[in-house]
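This is what each chain is made of:
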There are 2 protein chains.
Amino acid sequence: MKELKEKEDKVLVSFRDGVYDITEFVHAHPGGEEKIRLATGSSIEPFWNMYRHHLTAVTGRLLETFRVGNLIRAEGEVLDLNDPYANDPERHPALIVYIQKPFNAETPVALLGDRFLTSNELFFVRNHLPVPKVDPKNYKLEVSLEGKDPIYFTLEELQTKFPIYEVTATIQCAGNRRREMNQSKEVKGIAWQGGAISNATWTGPKLRDVLLYAGIPESEVDKTIHHIQFEGLDADMEKSYGASIPAQKVLNPSSEVILAFKMNGETLPLDHGYPIRAVVPGTVGARSVKWLHKVIASAQESPSFWQHKDYKGFGPYTDWHNIDYTQVPAIQELPVQSLITSPPPSAKRVVLDADGLLPIHGYAWSGGGRGIVRVDVSLDDGKTWEPATIHPNQQTYGKVWAWTQWEHRFKVPEGVKEVDLVVKAVDSSYNTQPESWGPVWNVRGVLANAWYKIHLKVDEE
Amino acid sequence: MKELKEKEDKVLVSFRDGVYDITEFVHAHPGGEEKIRLATGSSIEPFWNMYRHHLTAVTGRLLETFRVGNLIRAEGEVLDLNDPYANDPERHPALIVYIQKPFNAETPVALLGDRFLTSNELFFVRNHLPVPKVDPKNYKLEVSLEGKDPIYFTLEELQTKFPIYEVTATIQCAGNRRREMNQSKEVKGIAWQGGAISNATWTGPKLRDVLLYAGIPESEVDKTIHHIQFEGLDADMEKSYGASIPAQKVLNPSSEVILAFKMNGETLPLDHGYPIRAVVPGTVGARSVKWLHKVIASAQESPSFWQHKDYKGFGPYTDWHNIDYTQVPAIQELPVQSLITSPPPSAKRVVLDADGLLPIHGYAWSGGGRGIVRVDVSLDDGKTWEPATIHPNQQTYGKVWAWTQWEHRFKVPEGVKEVDLVVKAVDSSYNTQPESWGPVWNVRGVLANAWYKIHLKVDEE
């Protein structure tokens, strides 16, 4: 921690294995700026043990938004058997890991373009808390109309009592591509490179069927029932992970929100919510709650930190000094997005193919079931455009939950040795991606969907 | 017409009272370029009378996209009593008229910001054909499953047989703000300034209820029924106006597509579809078919010209030489939009208010029922932004069909004498408006939703 002390313009602290830059937060500390400055360059754990109201998931999550690095443990260190992360599974070594505890890792972008379905092992993982240990025999899903007695479903009941659906849906983290936004101007959070998005086929009953069976009155949607709250079994010091979505998204007869127990035909993996997760197609990943154990039909949004103090899209004029979470709604549907997966973000050079053309491919996706009608690509930084070929994904208008893969081959003009590749997509509402980062920059680094760009040298083979 | 002849680089022709620049079309003329050039500088009516296959609505509408002006009739000219436009009503003199026949006029932008509901007299009018004359006693709406016997509803039945709904919905022309796109690079079509959008409360039965009553099988939606086709009573030489929308948009139980017989509490005006029009909230105006007389549930889209050869959003690389209508889907939902209505587009100067602040206000809207979550405004051409105050419009999440009005007062920095006002809105899917025209420019000049800008000199009062 000595090095931390030396960076005197910054207020750096550690907590457990994390290093946090809380410079921008100190002035807003409810206990006063002076007290929090006492922790500069050291662990805040002793302070929090003294002022125990800090030991809540809410404070923990707020702190997490300031993480800038991790403490490296000494070799041979003994594992803590009481480690809440002891149930975390082995992960595929190809995943790009940003945080070990809780586990946060993206799919390498280069792998995303290769298959329409992302394999379970390579599907990005965004955990907020330790992976909970669930005994499938004792698992119960609690379903209630707020204020009324709940009804419980066993895993077997969820798997056999209702019609079972398969939904192919892309799930994207609100912070996907934060790295690029951060490069334009600093934001807080994991610097996802574009691989915090994956696509899978999910299997399970419709949540609508389960709620109707449990007696949730459909006629009350948009009257007294406005939100469907979810609670996961993943929990920290005080609270579980939770989120909610608009009630009509679930109780609408055409809803395809499901309670998934399979992912790409296999038992739901531990990291993806075993034994049951919500899958809310077209909506930010944070609402597809994993290890689901409670569903509440309510007039209110989920009371969770993640619904009220995170996953919100602020304007470029909001910073840590004037932030007011109550003024901005929780993110639900995500905007149109696209990325070049080949060449990958790390590429510096590209070799023309046998026909002397420059091949590229990638993904495009939009929230709310809006399909992709066009993908425009450029090799001169957006001055001129060409249409990419899109692979139709066969989903129905308004229910295009899966991404669209696309490809293109550029004729590179004679003498051009460097190119600025750009991709932008257009969804079925003709919304398109913003040109640059400044106007969509936001303090939490979410909703990063400006034109994707990559600069390359061209080698003729 | 003499002046037309003189512009030798252009191929200008007239037809009835219109003047058309068909320079970009001549090479694509199916009958050959030489023949069509014979009409240069003159009326094409004699040619079309000879080659009578031109006398169709399809050709007429294509020609209309090239209109650049109108022939001025001599004073005292006698009205043609067989004029198909004889049923056209008197219009409010405040409307800004672009074409008299068919009538195309926008609401002055300065008036749009003053009220949440646009009055019937000032609501923009986009007619494709003459206003048809309908005897309400003989009016019948024909409803059919394609290939089956139709069922008919009288006006009285539509008004009394079903539950009646009120829906407040903004209707926007696909070409709204084409003038700005045209200024960046020429496009074809009426140069709407930003007033081809208005908001009203519409009253009538849900089309879903009428279709179910007529025996359209809900269970076939997305199986054999994919589109609901509309046909209007407005007709030209050969065909009626027609359009279609995705079937689930109508037959979904939460659908709010209605058959309106009232507009803002009054009988539907002649110009807005008397006695019955479709109102398809959240969708481009072209699909809210006026003077509705046929509804067909079908596997196919409407066969009309306007569904297949117009109202399509091409990429910036498509021009009249490489256009292929079959490659692009028909526009349905529109993207997020916003405009400053005060100061109006014509303003050159602005006077600070009593507090020394610069007040602005305007509208924002998005397709598909997505509400407006944020309106960002700038007085330095988008370098920095401030949040505008939005007036909540009280509509339900996912069914925000009406526009959102907003306002802001800028503190103009000392010494600043000129400002570049900009507005951009963000919808509930966090889609935002594109920064500039180039990347969204399209040959038909539709879907114009780049940042709205206005340059003003500032006078201190």
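Keep in mind that this is a model prediction, so the values were computed, not measured.

Trainee: Any details on the pairing of strand S26 (residues 452-459) of chain A? Residues and values, ideally.
Mentor: Residues and elements named next belong to chain A. Burial of the side chains of S26 is restricted to one face: Tyr452, Ile454, Leu456 and Val458 are buried, whereas none of Lys453, His455, Lys457 and Asp459 on the reverse face is. Here strand S19 (residues 349-351) runs beside S26; their pairing, made up of 3 bridges, is parallel. Bridge assignment links Val350 to a residue of S26, and that residue is Val458. Note: strand S25 (residues 418-427) against S26, 6 bridges, orientation antiparallel. Note on S26: the bridge partner recorded for Val422 is Lys453.

Trainee: So what about the pairing of strand S12 (residues 240-246) of chain B? Which residues, and what values?
Mentor: Residues and elements named next belong to chain B. When you tally the buried positions in S12, you get 6 out of 7 residues, the bulk of the element. With 6 bridges connecting them, strand S11 (residues 227-235) and S12 associate as antiparallel partners. Residue pairing in the sheet places Ile228 in a bridge with Ile245 of S12.

Trainee: I'd love a proper account of the interface of chain B and chain A, names of residues and values included.
Mentor: Counting residues at the interface gives 45 residues for chain B and 43 residues for chain A. With both sides pooled, the region where chain B packs onto chain A buries about 3,400 Å², and carbon together with sulfur makes up 53% of that total. Considering only the side of chain B, the residues that lose the most area to chain A are Tyr317, Tyr397 and Tyr430 of chain B, jointly responsible for 22% of the buried surface there. For the pair chain B and chain A, the number of links is 0 salt bridges. In this assembly, chain B and chain A are joined by 24 residue pairs in polar contact (both at pLDDT 80 or more). Mapped by element, the contributors of at least two residues to the side of chain B that touches chain A are strand S21 (372-378), strand S22 (386-387) and strand S25 (418-427) of chain B. For the side of chain B that touches chain A, the element with the highest residue contribution is S21 of chain B, accounting for 4 residues. Tallied by class, residues from the side of chain B that touches chain A come to 23 nonpolar, 13 polar and 9 charged.

Trainee: Please give an account of empty space enclosed by the protein that cites residues and values.
Mentor: One pass over the full model with this rule turns up 9 cavities of 30 Å³ or more. As for the largest cavity, its lining consists of 36 residues, of which Asn252, Gly368 and Gly398 of chain A together with Asn252 and Gly368 of chain B are closest to the centre. Looking at the lining of the largest cavity, the elements with two or more residues in it are helix H9 (247-251) of chain A together with helix H9 (247-251) of chain B. Split by residue class, the lining of the largest cavity holds 10 nonpolar, 16 polar and 10 charged.

Trainee: Lay out the relation of the copies chain B and chain A with the relevant residues and their values.
Mentor: For the match of chain B to chain A, the screw axis carries a shift of 0.0 Å, the RMSD comes to 0.1 Å, and the turn is 180°. What the superposition gives is, in effect, a two-fold axis relating one chain to the other. The C-alpha atom lying nearest the rotation axis in chain B is that of Pro434 of chain B; the distance is 2.7 Å. An overlap of 96% is found between the interface residues of chain B and their copies at the interface of chain A, pointing to a shared contact surface.

Trainee: I'd love a proper account of the sheet that holds strand S1 (residues 12-15) of chain A, names of residues and values included.
Mentor: Residue and element names in this part refer to chain A. If you trace the 3 strands from one edge of the open sheet to the other, you get S1-S2-S3, paired in antiparallel fashion. Either end of the sheet is taken by a strand with one partner, and the two such strands are S1 and strand S3 (67-70). Sheet twist, expressed as the average angle between the axes of neighbouring strands with direction ignored, equals 30°. Sheet analysis places strand S2 (residues 18-21) next to S3, joined by 3 bridges and oriented antiparallel. The residue of S3 that forms the bridge with Gly18 is Asn70.

Trainee: A description of the side chain of Arg277 of chain B should follow, citing residues and the corresponding values.
Mentor: All names here are of chain B. Relative to the assigned elements, Arg277 resides in strand S16 (residues 277-279). Of the buried charged residues, Arg277 lacks a salt bridge, with Asp234 as the closest side chain of opposite charge at 9.7 Å. There is a polar contact of 2.9 Å between the side chain of Arg277 and the backbone oxygen of Ser288. Those residues in contact with Arg277 that lie beyond four places of it in its chain are Ile171, Trp202, Ile258, Leu259, Ala260, Leu268, His272, Ser288, Val289, Lys290, Trp291 and Leu292.

Trainee: An account of the domain arrangement of chain A is requested, with residue identities and associated values reported.
Mentor: All names here are of chain A. Structurally, chain A comprises domain 1 (2-70), domain 2 (140-327) and domain 3 (337-459). For domain 1 and domain 2, the distance between their C-alpha centres works out to 30 Å. Contacts between domain 1 and domain 2 engage 13 residues on the former and 12 residues on the latter. Across the domain 1 to domain 2 interface the summed buried area is about 1,400 Å²; carbon plus sulfur atoms make up 65%. The interface formed by domain 1 and domain 2 contains 0 salt bridges. Run the count over domain 1 and domain 2 and you get 1 residue pair in polar contact (both at pLDDT 80 or more).

Trainee: Give a detailed account of the nonpolar core, specifying residues and quantitative values.
Mentor: Residue and element names in this part refer to chain B. The biggest cluster of nonpolar side chains holds 102 residues, and the ones touching the most others in it are Ile22, Ile228, Phe230, Leu358 and Leu421. In terms of residues, this core owes the most to one element, strand S20 (residues 357-365), which gives 5 residues. For Phe230, the residues in contact, after removing those within four places along its chain, are Leu207, Tyr241, Gly242, Ala243, Ile245, Ala278, Val280, Arg287, Val289, Leu292, Lys294 and Val295.

Trainee: Summarise the sheet that holds strand S2 (residues 18-21) of chain B; cite the residues concerned and give the values.
Mentor: All names here are of chain B. With antiparallel pairing, the 3 strands of this open sheet are ordered in space as S1-S2-S3. Strands at the two margins of the open sheet, each flanked by one partner only, are strand S1 (12-15) and strand S3 (67-70). Within this sheet the neighbouring strands show an average axis-to-axis angle of 30°, counted without direction.

Trainee: Tell me what's going on with the pattern of salt bridges, and back it up with residues and numbers.
Mentor: If you walk through the whole model with that rule in mind, you get 36 salt bridges over all chains. Between Arg349 of chain A and Asp459 of chain A there is a salt bridge, and its shortest N-O distance comes to 2.8 Å. Pair noted here: Arg349 of chain A is in strand S19 and Asp459 of chain A is in strand S26, with a separation of 110 residues, a long-range link. With a closest N to O distance of 2.8 Å, Lys424 of chain B and Asp376 of chain B form a salt bridge.

The rules behind each value
- Residues numbered from 1 in each chain as written.
- Chains lettered and ligands numbered in written order.
- Predicted model: local features only at pLDDT ≥ 70, side-chain atom pairs only at ≥ 80, totals over all residues.
- Heavy atoms only, no water.
- Buried < 20%, exposed > 50% of the residue type's maximum accessible area, 1.4 Å probe, protein only.
- Helix = DSSP H or I, 4+ residues; strand = E, 2+ residues; numbered from the N terminus.
- Pairing = 2+ DSSP bridges.
- Contact = heavy atoms within 4.5 Å.
- Buried area = accessible area lost by both parts, 1.4 Å probe.
- Salt bridge = Lys/Arg side-chain N within 4 Å of Asp/Glu carboxyl O.
- Polar contact = N/O pair within 3.5 Å; in protein donor to acceptor, adjacent residues only side chain to side chain.
- Nonpolar A, V, L, I, M, F, W, Y, C, P; charged D, E, K, R; others polar.
- 1 Å grid on protein atoms, 1.4 Å probe; cavity = no way out; pocket = protein on both sides within 12 Å on 5 of 7 lines; lining within 4 Å.
- Points joined across faces, edges and corners; volume = space filled by probe spheres on them.
- Least-squares fit on C-alpha atoms with pLDDT ≥ 70 in both.
- Axes fitted to C-alpha atoms, helices over the stretch in contact; angles between N-to-C directions.
- Lys, Arg positive; Asp, Glu negative; His and termini not counted.
- Domains from an automatic or database assignment.
- Core = buried A, V, L, I, M, F, W, Y, C linked by side-chain atoms within 4.5 Å.

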